[in-house]
Amino acid sequence: MPATHPPAEHRSRQDTQGAAFTAAFARLLAVEGGYVNDPADSGGRTNWGITEAVARAYGYSGAMSELPRSLAERIYRSEYWLVLGCEDIAWRSVAVAEELFEAGVNCGVTRVAMWLQRALNALNDSAGRWPDLVMDGRVGPVTLAALFAALARSGGERVILAALNSLQGEHYIALAERRPKDERFVWGWLAHRVQVPQ
């Protein structure tokens, strides 16, 4: 799902952050679609990809088929984009910010933060490039510092994207192995959510 963007040095920080979320949100809605009530989907009733449980937690009491897009946008920004540090990451790599955001929406922010931490630990050359990270599922200053160091390496963005997408693909396969009812979704998940960086 990540798109190609001009290098960060050609954009202002505020423009990058705002435009990055707006673009990521639009791409996400293109995949998530509108109202869905598929009995086989563990997420239950959703609209704009927002589950009913999350909408209710935000005080929404109407029909899920009528969930306002503006509320979905607010939820995605506060519960996914900001929680995963995408606001800061977009300044260095819009593609990585978008990947974390999309994966966080589909797989959960804690899991995706741990994928990032796991990948960074595997890529740190036995802590020679940056310290090993505690896999706590939170993208804080230490995780961001390690990510920025990885992105500064030649091919860093491509390698980080490859690692994240590899872990996401493995997650979908394992999910279907554990819950055979999810086999019907795996093809679409892999086709639309796991990208192979070129």
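Quick look at the structure, then. Keep in mind that this is a model prediction, so the values were computed, not measured.

For the protein, the count of helices and strands is nine helices and two strands. Traced from its N-terminal end to its C-terminal end, the protein shows the element sequence α-β-β-α-α-α-α-α-α-α-α. Buried residues in the protein amount to 45% of all 198 residues. A sequence separation of at least 24 residues applies to 57% of the contacts in the protein between residues at least 6 apart.

Between helix α3 (residues 69–81) and helix α5 (residues 94–107), whose axes approach to 10 Å, the crossing angle comes to 100°. As summarised for this structure, α3 and α5 are arranged roughly perpendicular, according to the angle between their axes. The residues of α5 that touch α3, namely those facing Y76, Y80 and W81, are A97, E98, F101, G104 and V105. Grouping the constituent residues of the contact of α3 with α5 by class yields six nonpolar, one polar and one charged.

So, on to the packing of aromatic side chains. This model, assessed by the stated rule, comprises nine aromatic pairs. On the numbers, 5.5 Å between centres and 80° between planes, the contact of W81 with F101 is edge-to-face. Within this pair, whereas W81 is found in helix α3, its partner F101 is found in helix α5, the two being separated by 20 residues in sequence. A relative accessible area of 0% places W81 in the buried class. In this structure F101 comes out as buried when scored by relative accessible area, which is 0%. Members of the aromatic cluster, each reached through a chain of ring pairs, are F21, F25, Y76, Y80, W81 and F101. The ring centre of F21 lies 5.2 Å from the NZ or CZ of R77, which sits over that ring. Here the guanidinium or amino end of R92 rests over the ring plane of F148, the centre of that ring lying 4.1 Å away.

Counting residues in each nonpolar core, the largest one holds 57 residues, and the members touching the most others are Y76 and F101. Counting residues per element, this core draws most heavily on α5, at nine residues. Not counting the four nearest positions on each side in its chain, F101 is found in contact with F21, A24, F25, L28, Y76, Y80, W81, L84 and C86.

Okay, the environment of E157 next. Along the chain, the position of E157 falls in helix α8 (residues 156–178). Overall, the relative accessible area of 34% leaves E157 in the partly exposed class. Setting aside residues no more than four positions away along its own chain, E157 makes contact with S93, A95, V96 and L151.

Compared with an ideal rise of 1.5 Å per residue, which puts 14 residues at 20 Å, helix α6 (residues 109–122) spans 20 Å between its outermost C-alpha atoms and is within 8% of the ideal. When α6 is considered as a whole, its buried residues turn out to be V109, V112, A113, W115, L116, Q117, A119, L120 and N121.

Taken as a whole and judged by the stated rule, the model has 10 salt bridges. Of the charged contacts in the structure, one is a salt bridge between R56 and E52, with a shortest N-O distance of 2.9 Å. Here R56 and its partner E52 are both found in helix α2 (residues 52–57), four residues apart, which amounts to about one turn of the helix. The shortest N-O distance in the salt bridge between E102 and R193 comes to 2.8 Å. In this pair, E102 sits in helix α5 while R193 sits in helix α9 (residues 183–193), placing the two residues 91 residues apart along the sequence. Taken individually, E102 and R193 each receive the classification buried, so the pair is uniform in this respect. Each of E32, E102 and R193 takes part in one network of salt bridges that share partners.

Viewed as axis vectors pointing N to C, α6 and helix α7 (residues 141–152) meet at an angle of 55°, and their least axial separation amounts to 10 Å. In terms of their interaxial angle, α6 and α7 are classed as oblique. In terms of crossing hand, the pair formed by α6 and α7 is left-handed. Contacts from L116, Q117 and L120 in α6 reach T143, A146, L147 and A150 in α7.

Rules used throughout
- Residues numbered from 1 in each chain as written.
- Predicted model: local features only at pLDDT ≥ 70, side-chain atom pairs only at ≥ 80, totals over all residues.
- Heavy atoms only, no water.
- Helix = DSSP H or I, 4+ residues; strand = E, 2+ residues; numbered from the N terminus.
- Buried < 20%, exposed > 50% of the residue type's maximum accessible area, 1.4 Å probe, protein only.
- Contact = heavy atoms within 4.5 Å.
- Axes fitted to C-alpha atoms, helices over the stretch in contact; angles between N-to-C directions.
- Parallel < 35°, antiparallel > 145°, perpendicular 65-115°, else oblique.
- Nonpolar A, V, L, I, M, F, W, Y, C, P; charged D, E, K, R; others polar.
- Phe/Tyr/Trp six-rings, centres within 6.5 Å; stacked < 30°, edge-to-face > 60°.
- Lys NZ or Arg CZ within 6 Å of the ring centre and 35° of its normal.
- Core = buried A, V, L, I, M, F, W, Y, C linked by side-chain atoms within 4.5 Å.
- Expected span 1.5 Å × (residues − 1).
- Salt bridge = Lys/Arg side-chain N within 4 Å of Asp/Glu carboxyl O.
- Left-handed = near helix turned anticlockwise from the far one by under 90°.

In short, geometric facts, not functional conclusions.
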